[in-house]
Amino acid sequence: MAKSNAIIIKPFGEISLSPLKQHQLLHCKTIFLNMSPERLAELAVSRKEGVTTSTGALMCDTGHFTGRSPKDKFIVLDRTTERLVDWGEVNAPFDPGDFERLHRKMMEFLAEKQIFVRYAYAGAAEGHRRSLMVVTTLAWHNLFSYNMFIRPENSDLMQFQPEWSVFCIPEFQANPKTDGTRQKNFTIIDFTRKTILIGGSAYAGEIKKSIFTVLNFLLPVEDGALPMHCAANVGSYRGLKNDTALFFGLSGTGKTTLSSDPDRKLVGDDEHGWSEKGIFNFEGGCYAKVINLEREKETQIYDAIRSGAVLENTRFLKNTRKVDYADASVTENTRVSYPLYHIPNVLQGATAQHPDNIFFLTTDACGVLPPLARLTPEQAMFYFVTGYTSKIAGTEIGINEPVATFSPCFGAAFLPLSPAAYTEMLGKRLRTGKTKVWLVNTGWVAGPYGTGYRIPLPYTRALLSAVLQKSLRDVPFRPHPVFGFDMPTACPGVPAELLDPAKSWSDPAAYRAKAEELLQSLEKRAARFGIPKSAQVEFSAP
């Protein structure tokens, strides 16, 4: 190991160096510690990691991996995880000895190299906050981490002690034959060492989602709080009191788009916790898809793409530095990260009261679900644990068009515990509060993918606005003949024939058959977790 003679570059004098010593990082050549976003962007450009766009944002490529690689994510099997983790395809076990050797090899790999270190927090609520150290070899990854995690006050950095450490080294590739990985790329979480190793992939989403996975384990087990893959905002309409709304859904279902409402304050766009006191954001920024982004449709996201933001895998209009958001030549999963303060109406403190409304955003590739349905608590449990939606092109490797999938809790890829545990926690929250739950189809109408068409965004916005403004209070609802939930018969700004999906299909019999087929699939999946469709069930937190 090289001597501890690193050159440490930091924006001001008093920043704790003890975390660097604990992880033997002082053998690196140069350590850029908690650099400003402006300096990180400059370094990224000078190191040829990216280029500057016409709006001042940084544009970078993620290389071979343009999405997450779920099959290459592992959790170390040890005393902490052996009994609690829901082992299987989502949570693959990793040997502690292999982790120790791989960690040592990665630290040796960093010898005499430049690294970027970021101290940060995950969790806006102090009682549920975890401190982090993120170590990267790319300047733009450190800028991404600045955007996505909560930024400590300068006074906090003087004696900062991270609980968790993340090492993201895209240049380091594992040897599957000797290192215990599936491929050369990997993301490995060790709950005993409180360390995450990421190698072989430059897709920045691996950093963000590895911490989300950690919180999905720690919050229920240690804190009794429910972690959620959802966006959140608060607002008031027509003199009504402030209300909190949650938007559940996988990437591409509209969480970021629909929660970015100029009439409501944004809490966050992707990851939140629900404690006994209310809702809190995990993050300090947003990570939005930008394929086909238009200012007229998504003004807040478009205007947030300025100096400090990081675009991934986008391309320019010819002979300009203006981004061509319609260009999917690299991937459909083009993205941008930006800090929450780029949003003009963000909620300061990123905490809110218990939700009044919850929306399950489902991109229905079958085209049989209505644009809006009202759920009972029992139905909410059923649709939460099944998590029916469609994966959108580009969010994972090999996904090139919408593919129907069942992702329990609308985030199965990030759940270390059994989906039943999270579902029971949600059930307890719903039964002790007055939260209303709605199923929202942001997918296809008038037929399945390839036959029908995707419901226009303005219609979805109109439906959500009607709920939040209580405009549906006097509107008659009728039960769906197959699924049993209630559908509104009218909504301002939405054609009545779209509210009942059967009426938008040219063949009613084909519609009924497809709906019954989907229901049977849902019931089979719910039964795996012991959650019936409508029976009364007693719930308790894990």
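Scoring rules and cut-offs
- Residues numbered from 1 in each chain as written.
- Predicted model: local features only at pLDDT ≥ 70, side-chain atom pairs only at ≥ 80, totals over all residues.
- Heavy atoms only, no water.
- Helix = DSSP H or I, 4+ residues; strand = E, 2+ residues; numbered from the N terminus.
- Rg over C-alpha atoms; globule rule 2.2 N^0.38 Å.
- Buried < 20%, exposed > 50% of the residue type's maximum accessible area, 1.4 Å probe, protein only.
- Contact = heavy atoms within 4.5 Å.
- Areas by Shrake-Rupley, 256 points an atom, 1.4 Å probe, with all protein chains shown as cover.
- Polar contact = N/O pair within 3.5 Å; in protein donor to acceptor, adjacent residues only side chain to side chain.
- Phe/Tyr/Trp six-rings, centres within 6.5 Å; stacked < 30°, edge-to-face > 60°.
- Lys NZ or Arg CZ within 6 Å of the ring centre and 35° of its normal.
- Disulfide = S-S within 2.5 Å.
- Patch = residues over 30% accessible without salt bridge, like charges linked within 9 Å, V, L, I, M, F, W, Y side chains within 5 Å.
- Salt bridge = Lys/Arg side-chain N within 4 Å of Asp/Glu carboxyl O.
- Lys, Arg positive; Asp, Glu negative; His and termini not counted.
- Charge placed at Lys NZ, Arg CZ, Asp CG, Glu CD.

## A short note on the overall build of the chain
- Scanning the chain from N- to C-terminus turns up 14 helices and 31 strands.
- Here the C-alpha radius of gyration of the chain, 23 Å, is about what a compact globule of 542 residues would show, namely 24 Å.
- Each principal axis of the C-alpha distribution contributes one length, and for the chain these read about 75 × 55 × 45 Å.
- A total of 542 residues make up the chain; the buried ones form 60% of that total.
- Within the chain, residue pairs in contact and separated by at least 24 positions form 72% of the contacts whose partners lie at least 6 positions apart.
- As displayed, the chain has an accessible area near 21,200 Å², and 49% of this comes from carbon and sulfur atoms.

## Points about the environment of Thr-136
- Within the fold, Thr-136 resides in strand β8 (residues 130–136).
- We classify Thr-136 as buried; its relative accessible area is 1%.
- Placed 69 residues apart in sequence, Thr-136 and Gly-67 show a C-alpha to C-alpha distance of 18 Å.
- Among all residues touching Thr-136, those that are not within four sequence positions of it are Ile-115, Phe-116, His-141, Asn-142, Cys-168 and Ile-207.
- Polar contacts involving the side chain of Thr-136 include one to the main-chain carbonyl oxygen of Leu-138, which spans 3.0 Å.

## Digging into the packing of aromatic side chains
- For the structure shown, the criterion picks out 28 aromatic pairs.
- With centroids separated by 5.5 Å and ring planes inclined at 55°, the aromatic side chains of Phe-212 and Phe-414 adopt a geometry described as tilted. Note that Phe-212 is positioned in helix α6 (residues 205–223) and Phe-414 in the loop between β26 (403–406) and α10 (419–432), a separation of 202 residues in sequence.
- Looking at Phe-414, the relative accessible area reads 4%, which means it is buried.
- Ring-pair connections join several aromatic residues into one group, and the members of that group are Phe-212, Phe-280, Phe-282 and Phe-414.
- Note that Arg-374 overlies the ring of Phe-477, its terminal NZ or CZ placed 3.9 Å from the centroid.
- Of note, Arg-525 hangs over the ring of Phe-406, and the distance from its end group to the ring centre comes to 3.8 Å.

## Describing the state of the cysteines
- With the rule as written, the count across this model stands at zero disulfides.
- Here Cys-168 stays free of any disulfide, with the sulfur of Cys-60 as its closest cysteine sulfur at 13 Å.
- Taking relative accessible area as the criterion, Cys-168 reaches 0% and is therefore assigned buried.

## Some thoughts on a positive patch on the surface
- A contiguous patch of positive charge on the surface is contributed by Lys-434, Lys-436, Lys-470 and Arg-473.
- By the element assignment, Lys-436 lies in strand β27 (residues 436–441).
- For Lys-436, a relative accessible area of 46% gives the class partly exposed.

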